[in-house]
Amino acid sequence: MSSMSDKERLGFWEELKSSPSTNEFLKGIWKDNPVFVQVLGMCPVLAVTNTAENALAMGLATTFVLLMSNVLVSLLRNFIPKQVRIASYILIIASFVTIVDYLIQSVSVELHKSLGAFISLIVVNCLILSRAEAFASKNTVKYSALDALGMGGGFLLGLLCLGAVREILGSGTLFSLQLFPSGFQEWIVMILPAGGFFTLAGWLILINYTKERKLS
Amino acid sequence: MAHDEQNIRSVPEPGSKGNVRMLFVMVAIGLICAFLIVLTYEQTRPVIERKQEEALKKAIFRVLPGIKRTISFVIADGQIRPATDAPDGVRVHAGYDDRGDLMGFAIEASGQGYADIIRLIYGYDHRSQKIIGIQVLETKETPGLGDRIEKDPAFLENFRALDVAVDSANSKALHPIETVKNGKKTEDWQIEGITGATISSRAVGDILGTSSESVLPVIRMNISKVGHLNQEE
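Computed from a predicted model, the values in this text were never measured in an experiment.

Regarding the overall build of chain A
The secondary structure content of chain A amounts to 11 helices and 2 strands. Every one of the 216 residues in chain A was classed for burial, and the buried ones make up 44%. Long-range contacts, defined here as pairs at least 24 residues apart, represent 73% of the contacts in chain A between residues at least 6 apart. Within the structure as shown, chain A displays about 10,900 Å² of accessible surface, and the carbon and sulfur contribution to it stands at 69%. In chain A, the 16 positive side-chain charges and the 14 negative ones have mean positions that sit 8 Å from each other.

Details of the sheet that holds strand E1 (residues 69–76) of chain B
Residue and element names in this part refer to chain B. Spatial strand order, E2-E1-E3-E4-E5-E6-E7: 7 strands in an open sheet with antiparallel pairing. Bordering the open sheet on either side are strand E2 (79–82) and strand E7 (162–163), each of which pairs with just one other strand. Judged from the 8 bridges that link them, strand E4 (residues 102–112) and strand E5 (residues 117–125) form a sheet pairing that is antiparallel. Pairing of Ala106 across the sheet is with Gly123, part of E5. Where helix H4 (residues 198–221) meets the sheet, its contacts fall on E1, E2, strand E3 (90–96), E4, E5, strand E6 (130–138) and E7, and the angle it forms with E5 comes to roughly 50 degrees.

Here we look at the environment of Thr98(A)
Residues and elements named next belong to chain A. Relative to the assigned elements, Thr98 resides in helix H5 (residues 85–107). The class for Thr98 is partly exposed, based on a relative accessible area of 29%. Taking the C-alpha atoms as reference, Thr98 lies 32 Å from Trp203; in sequence the two are 105 residues apart. A distance of 2.8 Å separates a polar atom in the side chain of Thr98 from the backbone oxygen of Ala94.

Overview of the packing of helix H4 (residues 52–75) of chain A against H5(A)
All names here are of chain A. Between H4 and H5, the least distance of the axes is 9 Å, while the angle of their chain directions is 140 degrees. For the pair H4 and H5, the sense of crossing is right-handed. Residues Ala61, Phe64, Val65, Met68, Ser69, Leu72 and Val73 of H4 form the contact with H5, whose participating residues are Tyr89, Ile92, Ile93, Phe96, Val97, Ile99, Val100, Leu103 and Ile104. Among the residues forming the contact of H4 with H5, the class breakdown is 15 nonpolar, 1 polar and no charged.

Considerations on the interface of chain A and chain B
Contact residues are listed per partner, giving 27 residues for chain A and 27 residues for chain B. Where chain A abuts chain B, roughly 2,700 Å² becomes buried across the two surfaces, and 74% of that area is made up of carbon and sulfur atoms. For Glu150(B), the salt bridge is made with Lys113(A), and the minimal N-O distance between the two is 3.5 Å. Secondary structure elements with two or more residues in the side of chain A that touches chain B: H5, helix H6 (109–115) and helix H7 (117–120) of chain A. Among the elements that take part in the side of chain A that touches chain B, H5(A) stands out by supplying 13 residues, more than any other.

A look at the environment of Phe96(A)
Here Phe96(A) lies in helix H5. On the accessibility criterion, Phe96(A) (5% relative accessible area) is buried. The spacing of Phe96(A) and Met68(A) is 28 residues in sequence and 7.1 Å in space, taken between C-alpha atoms. In this view, Phe96(A) contacts Phe64(A), Val65(A), Met68(A), Ser69(A), Leu72(A) and Leu36(B); residues no more than four positions away in its chain are not counted.

Here we look at the packing of helix H2 (residues 20–29) of chain A against helix H9 (residues 141–171) of chain A
All names here are of chain A. It is the contact of H2 with H9, at a shortest axis distance of 6 Å, that shows an interaxial angle of 25 degrees. Here H9 runs roughly parallel to H2, going by the angle between their axes. Where H2 crosses over H9, the handedness of that crossing is right-handed. Where H2 abuts H9, its residues Pro20, Ser21, Glu24, Phe25, Lys27, Gly28 and Ile29 lie against Lys142, Tyr143, Leu146, Asp147, Leu149, Gly150, Met151, Gly153, Gly154 and Leu157. Among the residues making up the contact of H2 with H9, the classes are represented as 8 nonpolar, 5 polar and 4 charged.

Considerations on the pairing of E4(B)
All names here are of chain B. The buried count for E4 comes to 8 of 11 residues, which makes it a mostly enclosed element. Taken together, the 5 bridges between E3 and E4 define a ladder with antiparallel strand orientation. Note on E4: the bridge partner recorded for Val92 is Ile107. Hairpin connection between E4 and E5: a loop of 4 residues separates the two successive antiparallel strands.

Structural notes on the domain arrangement of chain B
Residue and element names in this part refer to chain B. Looking at the assigned domains, one finds that chain B contains domain 1 (12–63) and domain 2 (64–226). One C-alpha centre belongs to domain 1, the other to domain 2, and the line joining them spans 33 Å. Contact residues are listed per partner, giving 8 residues for domain 1 and 17 residues for domain 2. Broken down residue by residue, the surface that domain 1 buries against domain 2 is led by Ile60, Phe61 and Val63, which jointly contribute 60%.

Quick notes on H9(A)
The terminal C-alpha atoms of H9(A), which comprises 31 residues, lie 42 Å apart, in line with the 45 Å expected from a rise of 1.5 Å per residue. Downstream of H9(A) by one or two residues, Gly172(A) has phi in the positive range, about 75 degrees.

Concerning the nonpolar core
Side chains that are nonpolar tend, in soluble globular proteins, to be buried together. Core analysis: the biggest nonpolar cluster contains 47 residues, and Val45(A), Val65(A), Ile92(A), Leu115(A), Ile122(A) and Leu200(A) have the highest contact counts within it. The residues contacting Leu200(A), other than those within four sequence positions of it, are Val35(A), Phe36(A), Met42(A), Val45(A), Leu46(A) and Leu162(A).

Considering the pattern of salt bridges
Residues and elements named next belong to chain B. Scanning all chains against the criterion turns up 15 salt bridges over all chains. Across the pair Arg99 and Asp101 runs a salt bridge, and its minimum N-O distance is 3.2 Å. Classification of Asp101 as partly exposed rests on a relative accessible area of 24%. With a shortest N-O distance of 3.9 Å, Glu108 and Arg119 are connected by a salt bridge. Taken together, the residues Glu108 in strand E4 and Arg119 in strand E5 connect sequence positions 11 residues apart. Under the relative-accessibility criterion, Glu108 is labelled buried at 14%. What emerges from the salt-bridge pattern is a single network uniting Glu53, Arg91, Glu108, Arg119 and Glu138.

What counts and how
Residues numbered from 1 in each chain as written. Chains lettered and ligands numbered in written order. Predicted model: local features only at pLDDT ≥ 70, side-chain atom pairs only at ≥ 80, totals over all residues. Heavy atoms only, no water. Helix = DSSP H or I, 4+ residues; strand = E, 2+ residues; numbered from the N terminus. Buried < 20%, exposed > 50% of the residue type's maximum accessible area, 1.4 Å probe, protein only. Contact = heavy atoms within 4.5 Å. Areas by Shrake-Rupley, 256 points an atom, 1.4 Å probe, with all protein chains shown as cover. Lys, Arg positive; Asp, Glu negative; His and termini not counted. Charge placed at Lys NZ, Arg CZ, Asp CG, Glu CD. Pairing = 2+ DSSP bridges. Axes fitted to C-alpha atoms, helices over the stretch in contact; angles between N-to-C directions. Polar contact = N/O pair within 3.5 Å; in protein donor to acceptor, adjacent residues only side chain to side chain. Left-handed = near helix turned anticlockwise from the far one by under 90°. Nonpolar A, V, L, I, M, F, W, Y, C, P; charged D, E, K, R; others polar. Buried area = accessible area lost by both parts, 1.4 Å probe. Salt bridge = Lys/Arg side-chain N within 4 Å of Asp/Glu carboxyl O. Parallel < 35°, antiparallel > 145°, perpendicular 65-115°, else oblique. Domains from an automatic or database assignment. Expected span 1.5 Å × (residues − 1). Core = buried A, V, L, I, M, F, W, Y, C linked by side-chain atoms within 4.5 Å.

Below is the structure:
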């Protein structure tokens, strides 16, 4: 009985692993990660990752906009004339950014203030426009949604990687929880803009090194 | 895939039919988007208003340390009225200690910053005639530069005792607030700007200057009306 369910489960995992849906979802998380591989949307990546909380909020907001705009673009892909497609995508993206702006404000005024202008700047995050143009405009709603979740998840992961490192080193906290005893000397530079570049460089080195070692 | 590429390349002949279709699609998308935005706005507005009210309350207690209660007033046309009577005008919150003695005023002000309107609130001590603290309520200033107006400790130091004394006739400021370059502050009514955020820091100075010159004379003339809280109130 148990061996049979094991077999079934194996079959399920195998099937899941090889299914195109899984591939569309996973490519954004690792293989084509927007932050570490495509290096897209660097403005929020460098600017709002001074704390893990900001990184999480920005990642979730971007994922929401990406998901909604991908779904809507995919739904309308056969109606939108090619000549006005970019204008249409921008209109759709800007609307969802406005919506996410209200949503964040209704969750927390403080959070809205600390993300400041970067919420409105999600409009010009090239990750979102590039997914609409390169993927959602040519694929079904299901795959577009999976693509958005994967890319958004990958973006969130990248932001969190930077945010966590910068907050731990720069403030000695993680999600505002004190990590070190009071004698800890914070690296102020890490929460300044320069720290964003250092941390991003560190992660890129680490990830590319791991990938290269795997290949050789 | 090949089919898709062909699709992109084959631009239809420019003609009235294609144009109408383009127009129609853009308008339709605009309508869908507008509907979604309005829907979200309507749903979130009460929550946002409540949260903003809470944030305002927190800011009032921060710019007027030691107060226990507040009463809100509105200043319009040189008159001060309870906020419940007159909704339009400058909102002013009088702060009282636990004995009901007037401790000072928290005054809301706003003006054009570098990026957008800056909204702030400042604490005014009517006895020493000084601004004793500010809190920025809303700003879209450039992150890392302009937004230092709410974080930079050296800049905020300007507002621990900023002289905004009014002349004896309660008509105008004795010394209008000036924003000077970093390191050039010599007088109590001067604000030391932030290097690299000149426009934003000057905007804060201008907002405070304009607001204090119009609001403070009215407050000083009517101070007896709001001076002390009766215990039963």
